[in-house]
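Chain and residue survey
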Amino acid sequence: MAYDLDQFIADCRAALSRDPGPAGRETVRVNLERLLSNRDFVQRYCGDDVPQGLKLLYEDPGLKFQILAHINDKARVSPPHDHGDSWAIYGQATKYTDMIEWEREDDGADPAHAKLKPVKKYRLNPGHAGIYQDGKIHSIDYPDGARFIRVTGTNLDNIDRVRFDLKTGEVHRMTPQQAT
Ligand SMILES: [Fe+2]
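Residues numbered from 1 in each chain as written. Predicted model: local features only at pLDDT ≥ 70, side-chain atom pairs only at ≥ 80, totals over all residues. Heavy atoms only, no water.

1. A closer look at the environment of Trp-87
Among the structural elements, Trp-87 can be located in the loop between β3 (76-77) and β4 (88-94). When the C-alpha atoms of Trp-87 and Gln-133 are compared, they prove to be 4.7 Å apart, with 46 residues separating the residues in sequence. Apart from residues no more than four positions distant in its own chain, Trp-87 is found in contact with Leu-16, Arg-25, Tyr-132, Gln-133, Asp-134, Val-151, Thr-152 and Gly-153. (Helix = DSSP H or I, 4+ residues; strand = E, 2+ residues; numbered from the N terminus. Contact = heavy atoms within 4.5 Å.)

Written out as structure tokens, the structure is:
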């Protein structure tokens, strides 16, 4: 039987109960790639018939992690941002996402300003998942019709996060769902 959403949820629960740290999350990332190789799953949750929007597929009542389907019609470039005290895993379902991982060049002393440098650039193609551990800064760039599944350690709307303006160096507090 193909690896389905229920199995993925069960495996997320098992992995994150055993180890909520980076190793447990890496298991989730690998399992998300397995889920995305299931064509029926991709068709049902991310296929052409699925209306545009952000959909919560699952939220764990105890561990608090979320599984979200980002059904995008329009291309978008996000600013560099973090995921606060959480982590995020992005798994590509359709089209692709160009990822840039950033690091701060400044010493972090000024909470309102930062200087970032790109340290890693790569493309997530369908079936591939990338992981962004606590405090990692990344930006995303995807074309029309790019759809992906995102797993986060908690509901990101409930925690403080920041985004960075590359032109001015300003650090801005993020509002819910402002960027992914
Ligand atoms: Fe993100």
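2. Some thoughts on helix α2 (residues 22-36)
Compared with the 21 Å implied by 1.5 Å per residue over 15 residues, the 21 Å span of α2 between its first and last C-alpha is a close match. Along α2, the residues that are buried comprise Gly-24, Arg-25, Val-28, Arg-29, Asn-31, Leu-32, Leu-35 and Leu-36. If you follow the buried residues of α2, they end up packed against α1 (5-18), α3 (39-46), β4, β7 (129-132) and β9 (147-152). (Expected span 1.5 Å × (residues − 1). Buried < 20%, exposed > 50% of the residue type's maximum accessible area, 1.4 Å probe, protein only.)

3. Here's the deal with the packing of α1 against α2
Between α1 and α2, the shortest axis-to-axis distance is 9 Å and the interhelical angle comes to 170°. Taken together, the axes of α1 and α2 are roughly antiparallel relative to one another. For the pair α1 and α2, contact is made by Leu-5, Phe-8, Asp-11, Cys-12, Ala-15 and Leu-16 and by Gly-24, Arg-25, Thr-27, Val-28, Asn-31, Leu-32, Arg-34 and Leu-35, respectively. Broken down by class, the residue content of the contact of α1 with α2 amounts to eight nonpolar, three polar and three charged. (Axes fitted to C-alpha atoms, helices over the stretch in contact; angles between N-to-C directions. Parallel < 35°, antiparallel > 145°, perpendicular 65-115°, else oblique. Nonpolar A, V, L, I, M, F, W, Y, C, P; charged D, E, K, R; others polar.)

These results come straight from atomic positions and should not be treated as a statement about function.
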